[in-house]
Amino acid sequence: MSPGHTRRHFLRAVGPASLAAPLCAATAQTRPSPSGRPPNIILVLTDDQGYGDLGCHGNPIIRTPHLDALHGQSVRLTNFHVAPTCAPTRAGLMTGRDCNRTGVWHTVMGRSILREDEVTVAQVLSEGGYRTGIFGKWHLGDNYPSRPQDKGFGEVLIHGGGGVGQAPDYWGNDYFDDTYFRNGVPTPCQGYCTDVFFREAMSFIEANRDHPFFAYIPTNAPHGPYTVDRKYSQPYLDAGVKESTARFYGMITNIDENMGRLMGHVSQLGLADNTILIFMTDNGTSEPGFNAGMRGRKGSEYEGGHRVPCFIRWPKGNLAPAGTDIDRLAANVDLLPTLAELCGLHPTAGLKLDGKSLVPLLRGQAPDWPERVIITDSQRIEYPEKWRQSAVMTERWRLVNGKELYDIRADPGQEHDLAAEHADVVAKLREEYDRWWEELLPTFDDYCEIVVGADAENPSRLGSHDWHDVFPPWNQTHILEGQVANGFWAVRVAQAGEYEITLRRWPEEANTPITGAVPGGTAIAAHAARLKVADVDTQQPIPEGASGVTLTVQLPAGDTRLQTWLINDAGEDRGAYYVYVKRN
């Protein structure tokens, strides 16, 4: 995508009178709720918690009293689907577009980076007059122009990458008393990660109580490693649950406790009646156990991989009565157009959405809701492959991998393949998939470039998590091990000029020599550092004890690849895991 291909205006206010008004003035006028002001929005998204990891969904072991109470107060989307893994779900949720369309179909390899021209729900709401904040896990890019602060969030507190302790995260984070990135600046925070993210969100809500706000709380929990205070896991151990499940459930019980605090705080501020509170999860469960009768878990194309809870509460929003179950097919891509309509905003015609507004369903005003087809898949490779771990869904049918057919109403556990008996249905759903695939296919070779040398981020820190062409060292454990791997970053040089590019084995904050080791780490041998970018291919010796090697080069503006090597006599092909790029 060309640097200038960026949508600057995202919405217009609904209503004939607004159409003639200037865009920005019109978009500041959101539709008032019954209370006379636009609704606030709180969206809680947990990580790797499945449909069955809730007491209200029949799990006989887990303790989630606050989420169970929210379930009773909400309209529930019971046939709600996402992508089978983290970043793809977030891309669809944020943009209202199929994740594969946005450049995000993996969790690493530069394929978890949101395209520069994608418009997020935060941008739509921000332009509509909302204060916006994110607290937790973004996982759609750690560099400009794909960071949350580049995508409509005015207040940001996040960890790096796809989880606490992953390679893009601040070095040494371990869930307790970590350093997170506040508006791009590393900031020490006291407490357990989930407690910190909810606490910060509640402070944001209180500070913006007199304005419409959007508080997005995407927790990293209960994503592994399953780290939680013993007081949360011990009751499950005492009940005879195995250690990993006890920790996993303990993390969810801690989330539930924070949900109780959040709901109490919103009520105490007098905001509950006019706040849309949404709870959902990003994919199927990552832990074996109760799965509500579904086949498959996280990463699976079967129902258990992508059917998740979605509770929506808005007491004064004229929704269907609390406790209503809506079993019509819906997905994460529907939330952007749904929230836009509930808030009286409408994305411009130039923004192609795959989702549709669920407002008629939420208000019980859709007796003739039309049949639709929703497609989800789990690619998790550099370049998508047709039919790979895919599900083509209708109200009744699930076509899996283009071959297996299940009647989900009669067979929710997907045990009986009916493809032979219903060849006509298979053919029809394959046609739907073919059209979808052909539309997306031209974009699969495109990279989502990290922009270096931009005023918005200078210097930029590149991490091996985003290497292309190789499965990369994406976790800090891989850095500790000195994993032998190498790939390239797809970058866009924003401005021609002189650049200082520093190659490191450890991030700056670790303050450790390239050939040295932090506690628990393995030393590597290396005597020279090589850099290849644009038409530059240069190397220099690594001084003894040096934590980084800086090469000063002249770069032209434009798209290119950047690759590095830490050279040793053994001939190992190991790249510098961390590279800092500064335009002088």
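Residues numbered from 1 in each chain as written. Predicted model: local features only at pLDDT ≥ 70, side-chain atom pairs only at ≥ 80, totals over all residues. Heavy atoms only, no water.

K.L.:
How should I be thinking about the sheet that holds strand 5 (residues 131–136) in this particular structure?
P.N.:
Taken together, 10 strands build an open sheet; the order of strands is 8-7-6-5-9-2-10-11-3-12 and the sheet is mixed. The open sheet terminates on both sides in strands that have one partner only, identified here as strand 8 (185–188) and strand 12 (325–326). Strand contacts of helix 3 (residues 86–95): strand 2 (40–46), strand 9 (213–218) and strand 10 (275–281), with the helix running at about 170 degrees to strand 9, the strand carrying the most contacts. Its contacts with the sheet place helix 7 (residues 243–268) against strand 2, strand 9, strand 10 and strand 11 (310–313), and it is angled at close to 175 degrees to strand 2. (Pairing = 2+ DSSP bridges. Helix = DSSP H or I, 4+ residues; strand = E, 2+ residues; numbered from the N terminus. Contact = heavy atoms within 4.5 Å. Axes fitted to C-alpha atoms, helices over the stretch in contact; angles between N-to-C directions.)

K.L.:
Please clarify how the packing of aromatic side chains should be interpreted in this entry.
P.N.:
The geometry of an aromatic ring pair is captured by the separation of the ring centres together with the interplanar angle, meaning the angle of the planes. With the rule as written, the count across this model stands at 24 aromatic pairs. Residues F204 and F213 carry aromatic rings whose centres are separated by 6.4 Å and whose planes lie at 80 degrees to one another, so their mutual orientation is edge-to-face. The class for F204 is buried, based on a relative accessible area of 8%. Each ring, one from F248 and one from Y249, has its centre 6.1 Å from the other, and the planes form 40 degrees; the classification is tilted. Each member of the pair, F248 as well as Y249, carries the same accessibility label: buried. Note that R504 overlies the ring of Y580, its terminal NZ or CZ placed 5.6 Å from the centroid. Sitting over the face of the ring of F488, R561 holds its NZ or CZ atom 4.0 Å from the ring centroid. (Phe/Tyr/Trp six-rings, centres within 6.5 Å; stacked < 30°, edge-to-face > 60°. Buried < 20%, exposed > 50% of the residue type's maximum accessible area, 1.4 Å probe, protein only. Lys NZ or Arg CZ within 6 Å of the ring centre and 35° of its normal.)

K.L.:
Looking at this model, I keep getting lost on the sheet that holds strand 18 (residues 404–407). Mind explaining?
P.N.:
In a beta sheet, neighbouring strands pair by backbone hydrogen bonds and run either parallel or antiparallel. In spatial order, the strands read 15-16-17-18; together these four strands make up an open sheet with antiparallel pairing. Strand pairing shows two members of the sheet lacking a second neighbour, strand 15 (374–377) and strand 18, which therefore form its edges. Direction aside, neighbouring strands of the sheet carry axes that sit 20 degrees apart on average. Sheet strands in contact with helix 11 (residues 423–440) are strand 15, strand 16 (390–393), strand 17 (397–400) and strand 18, and its direction is about 65 degrees off that of strand 17.

K.L.:
Looking at this model, I keep getting lost on helix 11. Mind explaining?
P.N.:
Side chains three or four residues apart in an α-helix point the same way, a direct result of the helix having 3.6 residues per turn. The end-to-end C-alpha distance of helix 11 is 26 Å, a good match for the 26 Å that 18 residues give at a rise of 1.5 Å each. Turning to helix 11, its buried residues number three or more, namely V425, V426, L429, Y433, W436, W437 and L440. Projected onto a plane normal to the axis of helix 11, the buried residues spread over an arc of 100 degrees and lie on a single side. Projecting away from the buried face of helix 11 at angles above 90 degrees are the exposed residues D424, K428 and R435. Summarising the contacts, the buried residues of helix 11 are in contact with strand 15, strand 16, strand 17 and strand 18. (Expected span 1.5 Å × (residues − 1). Arc of directions from axis to C-beta.)

K.L.:
Before we go on, may I ask you to explain the side chain of T120 in this structure?
P.N.:
When you line up the elements, T120 lands in the loop between helix 3 and helix 4 (121–127). Its relative accessible area of 0% is what places T120 among the buried residues. One polar contact links the side chain of T120 to the main-chain carbonyl oxygen of K151, over a distance of 2.6 Å. For T120, the contacting residues outside a window of four places in its chain are M94, L114, K151 and L336. (Polar contact = N/O pair within 3.5 Å; in protein donor to acceptor, adjacent residues only side chain to side chain.)

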